[in-house]
Amino acid sequence: MFEGLWTLENLIALITLAGLEIVLGIDNIVFVVVVTNKLPEAARATARRLGIALAMITRIALLLAISAIMGLTAPLFTVFGHVVSGRDVVLLTGGLFLLAKATHEIHDKLEGPPTGEGAARAVHSYAGAIIQIVLLDMVFSLDSVITAVGMAQHLTVMIAAIVIAVGVMLLFAGPVSDFVSAHPTVQMLAFSFLLLVGIFLMAEGMHKHIDRGYIYFAMAFSLFVEFMNLKVRKRGKAAAS
(Lines give C-alpha, C1' and ligand atoms only; values in the text may rest on other atoms or scores of the structure.)
Protein backbone atom coordinates (compact mmCIF):
# COMPACT_ATOMS: atom_id res chain seq x y z
CA MET A 1 0.00 0.00 0.00
CA PHE A 2 2.85 2.39 0.82
CA GLU A 3 5.01 1.59 -2.19
CA GLY A 4 3.68 4.61 -4.06
CA LEU A 5 4.99 6.94 -1.36
CA TRP A 6 8.63 6.32 -2.21
CA THR A 7 8.83 8.67 -5.14
CA LEU A 8 10.11 12.22 -4.90
CA GLU A 9 6.85 13.69 -6.21
CA ASN A 10 4.71 11.81 -3.70
CA LEU A 11 7.05 12.55 -0.79
CA ILE A 12 6.88 16.28 -1.56
CA ALA A 13 3.09 16.01 -1.81
CA LEU A 14 2.99 14.12 1.51
CA ILE A 15 5.07 16.72 3.36
CA THR A 16 3.17 19.65 1.86
CA LEU A 17 -0.24 18.12 2.44
CA ALA A 18 0.60 17.03 6.01
CA GLY A 19 1.74 20.58 6.79
CA LEU A 20 -1.47 21.97 5.32
CA GLU A 21 -3.61 19.53 7.30
CA ILE A 22 -1.78 20.49 10.51
CA VAL A 23 -2.33 24.21 9.90
CA LEU A 24 -5.99 23.67 9.00
CA GLY A 25 -6.35 21.58 12.16
CA ILE A 26 -5.56 24.49 14.50
CA ASP A 27 -9.19 25.54 14.80
CA ASN A 28 -10.12 21.88 15.25
CA ILE A 29 -7.78 21.60 18.26
CA VAL A 30 -9.39 24.68 19.81
CA PHE A 31 -12.83 23.13 19.43
CA VAL A 32 -11.70 19.78 20.88
CA VAL A 33 -10.22 21.56 23.90
CA VAL A 34 -13.34 23.65 24.50
CA VAL A 35 -15.67 20.64 24.25
CA THR A 36 -13.65 18.23 26.39
CA ASN A 37 -12.92 20.82 29.10
CA LYS A 38 -16.62 20.62 30.02
CA LEU A 39 -16.12 16.98 31.05
CA PRO A 40 -14.88 15.73 34.43
CA GLU A 41 -11.08 16.01 34.55
CA ALA A 42 -10.56 12.24 34.66
CA ALA A 43 -12.49 11.75 31.41
CA ARG A 44 -10.96 14.56 29.35
CA ALA A 45 -7.88 12.78 28.01
CA THR A 46 -9.84 9.69 26.97
CA ALA A 47 -12.52 11.81 25.30
CA ARG A 48 -9.88 13.79 23.39
CA ARG A 49 -8.14 10.68 22.11
CA LEU A 50 -11.36 8.87 21.19
CA GLY A 51 -12.90 11.93 19.55
CA ILE A 52 -9.79 12.73 17.49
CA ALA A 53 -9.32 9.06 16.51
CA LEU A 54 -12.93 8.79 15.33
CA ALA A 55 -12.52 12.12 13.52
CA MET A 56 -9.51 10.67 11.68
CA ILE A 57 -11.55 7.64 10.59
CA THR A 58 -14.33 9.96 9.46
CA ARG A 59 -11.90 12.12 7.48
CA ILE A 60 -10.43 9.06 5.75
CA ALA A 61 -13.97 7.90 4.96
CA LEU A 62 -14.62 11.31 3.36
CA LEU A 63 -11.56 10.77 1.19
CA LEU A 64 -12.79 7.34 0.11
CA ALA A 65 -16.14 8.93 -0.76
CA ILE A 66 -14.56 11.89 -2.54
CA SER A 67 -16.85 11.63 -5.56
CA ALA A 68 -19.81 12.30 -3.26
CA ILE A 69 -17.91 15.14 -1.57
CA MET A 70 -17.13 16.78 -4.90
CA GLY A 71 -20.82 16.41 -5.76
CA LEU A 72 -21.64 18.71 -2.84
CA THR A 73 -20.41 21.62 -4.93
CA ALA A 74 -23.29 21.13 -7.39
CA PRO A 75 -26.12 23.71 -7.06
CA LEU A 76 -29.13 22.56 -5.02
CA PHE A 77 -31.42 25.58 -5.14
CA THR A 78 -31.39 29.35 -5.46
CA VAL A 79 -32.33 31.88 -2.77
CA PHE A 80 -32.73 35.53 -3.81
CA GLY A 81 -30.50 34.91 -6.80
CA HIS A 82 -27.87 33.16 -4.65
CA VAL A 83 -27.01 29.62 -5.73
CA VAL A 84 -26.79 27.26 -2.75
CA SER A 85 -24.88 23.95 -2.90
CA GLY A 86 -24.64 21.08 -0.45
CA ARG A 87 -21.24 22.36 0.64
CA ASP A 88 -22.77 25.77 1.41
CA VAL A 89 -25.46 24.16 3.57
CA VAL A 90 -22.87 22.15 5.52
CA LEU A 91 -20.64 25.20 6.08
CA LEU A 92 -23.56 27.43 7.11
CA THR A 93 -24.86 24.78 9.52
CA GLY A 94 -21.40 24.26 11.01
CA GLY A 95 -20.85 28.00 11.33
CA LEU A 96 -24.20 28.52 13.07
CA PHE A 97 -23.44 25.64 15.44
CA LEU A 98 -20.06 27.13 16.36
CA LEU A 99 -21.60 30.55 16.99
CA ALA A 100 -24.27 28.99 19.20
CA LYS A 101 -21.74 26.76 20.98
CA ALA A 102 -19.28 29.59 21.68
CA THR A 103 -22.06 31.93 22.86
CA HIS A 104 -23.41 29.23 25.20
CA GLU A 105 -19.93 28.53 26.60
CA ILE A 106 -19.26 32.24 27.20
CA HIS A 107 -22.63 32.57 28.94
CA ASP A 108 -21.88 29.56 31.17
CA LYS A 109 -18.45 30.94 32.00
CA LEU A 110 -19.73 34.39 32.94
CA GLU A 111 -23.13 33.53 34.44
CA GLY A 112 -22.54 29.96 35.60
CA PRO A 113 -24.49 26.84 34.50
CA PRO A 114 -28.23 26.67 35.23
CA THR A 115 -29.09 25.44 38.74
CA GLY A 116 -30.15 21.85 39.25
CA GLU A 117 -27.64 20.29 36.85
CA GLY A 118 -26.12 17.20 38.38
CA ALA A 119 -23.61 14.47 37.64
CA ALA A 120 -26.10 12.69 35.34
CA ARG A 121 -25.72 15.50 32.78
CA ALA A 122 -21.93 15.09 32.83
CA VAL A 123 -22.24 11.40 32.05
CA HIS A 124 -24.41 12.12 29.00
CA SER A 125 -22.12 14.94 27.87
CA TYR A 126 -19.25 12.47 27.34
CA ALA A 127 -21.03 10.89 24.37
CA GLY A 128 -22.19 14.36 23.32
CA ALA A 129 -18.59 15.61 23.29
CA ILE A 130 -17.46 12.74 21.06
CA ILE A 131 -20.34 13.31 18.63
CA GLN A 132 -19.65 17.05 18.48
CA ILE A 133 -15.93 16.48 17.77
CA VAL A 134 -16.65 14.02 14.96
CA LEU A 135 -19.41 16.11 13.33
CA LEU A 136 -17.48 19.38 13.48
CA ASP A 137 -14.37 17.65 12.14
CA MET A 138 -16.42 16.67 9.10
CA VAL A 139 -17.30 20.34 8.56
CA PHE A 140 -13.68 21.43 9.06
CA SER A 141 -12.51 18.63 6.75
CA LEU A 142 -14.60 19.48 3.69
CA ASP A 143 -12.22 22.03 2.20
CA SER A 144 -9.07 20.22 3.31
CA VAL A 145 -10.24 16.94 1.74
CA ILE A 146 -11.07 18.70 -1.54
CA THR A 147 -7.66 20.43 -1.37
CA ALA A 148 -5.96 17.10 -0.71
CA VAL A 149 -7.42 15.63 -3.88
CA GLY A 150 -6.16 18.61 -5.84
CA MET A 151 -2.64 18.38 -4.42
CA ALA A 152 -2.02 14.63 -4.44
CA GLN A 153 -2.94 11.97 -6.97
CA HIS A 154 -2.20 8.97 -4.74
CA LEU A 155 -4.86 8.01 -2.17
CA THR A 156 -2.19 6.57 0.14
CA VAL A 157 -0.45 9.95 0.25
CA MET A 158 -3.68 11.65 1.28
CA ILE A 159 -4.42 9.11 4.01
CA ALA A 160 -0.83 9.26 5.31
CA ALA A 161 -1.02 13.07 5.50
CA ILE A 162 -4.24 12.85 7.53
CA VAL A 163 -2.71 10.29 9.91
CA ILE A 164 0.32 12.56 10.46
CA ALA A 165 -1.90 15.60 11.08
CA VAL A 166 -4.07 13.67 13.54
CA GLY A 167 -0.93 12.45 15.31
CA VAL A 168 0.12 16.09 15.79
CA MET A 169 -3.36 16.91 17.11
CA LEU A 170 -3.14 14.06 19.62
CA LEU A 171 0.29 15.26 20.69
CA PHE A 172 -0.69 18.88 21.30
CA ALA A 173 -4.36 18.63 22.33
CA GLY A 174 -3.39 17.51 25.87
CA PRO A 175 -0.90 20.31 26.67
CA VAL A 176 -3.17 22.90 25.04
CA SER A 177 -6.12 21.65 27.10
CA ASP A 178 -4.13 21.77 30.35
CA PHE A 179 -2.93 25.29 29.59
CA VAL A 180 -6.41 26.54 28.70
CA SER A 181 -7.90 24.96 31.84
CA ALA A 182 -5.32 26.67 34.03
CA HIS A 183 -5.98 30.17 32.63
CA PRO A 184 -9.58 31.47 32.54
CA THR A 185 -8.68 34.39 30.26
CA VAL A 186 -7.26 31.95 27.70
CA GLN A 187 -10.54 30.01 27.89
CA MET A 188 -12.43 33.16 26.91
CA LEU A 189 -9.94 33.67 24.09
CA ALA A 190 -10.61 30.12 22.87
CA PHE A 191 -14.36 30.83 22.85
CA SER A 192 -13.66 33.98 20.84
CA PHE A 193 -11.69 31.89 18.35
CA LEU A 194 -14.71 29.62 17.93
CA LEU A 195 -16.86 32.68 17.19
CA LEU A 196 -14.29 33.79 14.63
CA VAL A 197 -14.19 30.38 12.94
CA GLY A 198 -17.99 30.21 12.97
CA ILE A 199 -18.21 33.54 11.16
CA PHE A 200 -15.56 32.33 8.69
CA LEU A 201 -17.53 29.15 7.92
CA MET A 202 -20.74 31.12 7.41
CA ALA A 203 -18.97 33.57 5.12
CA GLU A 204 -17.59 30.68 3.07
CA GLY A 205 -21.07 29.16 2.91
CA MET A 206 -22.36 32.46 1.46
CA HIS A 207 -19.49 32.58 -1.08
CA LYS A 208 -17.81 35.48 0.73
CA HIS A 209 -14.24 34.22 0.66
CA ILE A 210 -11.98 35.21 3.55
CA ASP A 211 -8.32 34.22 3.36
CA ARG A 212 -7.58 31.82 6.24
CA GLY A 213 -4.30 33.70 6.72
CA TYR A 214 -6.24 36.62 8.19
CA ILE A 215 -8.01 34.30 10.62
CA TYR A 216 -4.80 32.63 11.75
CA PHE A 217 -2.98 35.97 12.03
CA ALA A 218 -5.76 37.34 14.26
CA MET A 219 -5.60 34.20 16.43
CA ALA A 220 -1.80 34.29 16.65
CA PHE A 221 -1.75 38.03 17.49
CA SER A 222 -4.41 37.57 20.20
CA LEU A 223 -2.43 34.69 21.71
CA PHE A 224 0.75 36.77 21.65
CA VAL A 225 -0.95 39.62 23.52
CA GLU A 226 -2.45 37.19 26.05
CA PHE A 227 0.94 35.53 26.65
CA MET A 228 2.41 38.97 27.33
CA ASN A 229 -0.42 39.66 29.80
CA LEU A 230 0.17 36.34 31.54
CA LYS A 231 3.87 37.08 31.81
CA VAL A 232 3.21 40.54 33.28
CA ARG A 233 0.74 39.14 35.80
CA LYS A 234 3.19 36.41 36.78
CA ARG A 235 5.94 38.97 37.38
CA GLY A 236 3.51 41.09 39.41
CA LYS A 237 2.63 38.13 41.65
CA ALA A 238 6.31 37.27 42.06
CA ALA A 239 7.14 40.87 43.05
CA ALA A 240 4.23 41.00 45.50
CA SER A 241 5.38 37.82 47.22
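Counting restarts for each chain, with residues numbered from 1 along the sequence as it is written. Note on the predicted model: pLDDT of at least 70 is required for a residue's local features to be given, and 80 or more for side-chain atom pairs to be given and counted; whole-chain, interface and lining totals, by contrast, use all residues. Remark: hydrogens and water are excluded; side-chain values derive from all non-hydrogen atoms of the structure.

### Some points on the overall build of the protein
Point 1. The secondary structure listing takes helices from DSSP runs of H or I that are at least 4 residues long and strands from runs of E that are at least 2 residues long, numbered from the N terminus. Along the protein, the regular secondary structure elements total 9 helices and 2 strands.
Point 2. Whether a residue is buried, partly exposed or exposed follows from its accessible area with a 1.4 Å probe, protein chains only, as a fraction of its type maximum: under 20%, in between, or over 50%, in that order. With 241 residues in all, the protein has 41% of them scored as buried.
Point 3. Any two residues whose heavy atoms approach within 4.5 Å are treated as being in contact. Within the protein, counting contacts between residues at least 6 apart in sequence, those at least 24 apart form 83% of the total.
Point 4. Only carbon and sulfur atoms are counted for the fraction: they give 72% of the accessible area of the protein, which is about 13,100 Å². Using a 1.4 Å probe, the Shrake-Rupley method yields the accessible areas, and only the shown protein chains count as cover for residues.

### What about the packing of helix α7 (residues 155-182) against helix α8 (residues 184-205)?
Point 1. Lines fitted to C-alpha atoms define the axes, with helix axes restricted to the stretch in contact, and inter-axis angles between N-to-C directions lie between 0 and 180 degrees. Two elements in contact, α7 and α8, have axes whose closest approach is 5 Å; the angle formed by their N-to-C orientations is 115°. On α8, the residues touching Phe179, Val180, Ser181 and Ala182 of α7 are Pro184, Val186 and Gln187.

### Looking at the environment of leucine 72
Point 1. Within the secondary structure, leucine 72 is located in the loop between α4 (66-71) and β1 (75-79).
Point 2. Separated by 70 residues in sequence, leucine 72 and leucine 142 place their C-alpha atoms 9.6 Å apart.
Point 3. With sequence-adjacent residues up to four places away left out, leucine 72 is seen in contact with Ser85, Gly86, Arg87 and Leu142.

### A look at the pairing of β1
Point 1. With 0 of its 5 residues buried, β1 lies for the most part at the surface.
Point 2. Any two strands with at least two DSSP bridges between them are considered paired. In this structure, β1 lies alongside strand β2 (residues 82-85), joined through 4 bridges in antiparallel fashion. Pairing of valine 79 across the sheet is with histidine 82, part of β2.
Point 3. Between the end of β1 and the start of β2, which pair antiparallel, lie 2 residues, with phenylalanine 80 showing a positive phi angle near 50°.

Interpretation note: all reported values are geometric properties and have no functional meaning in isolation.
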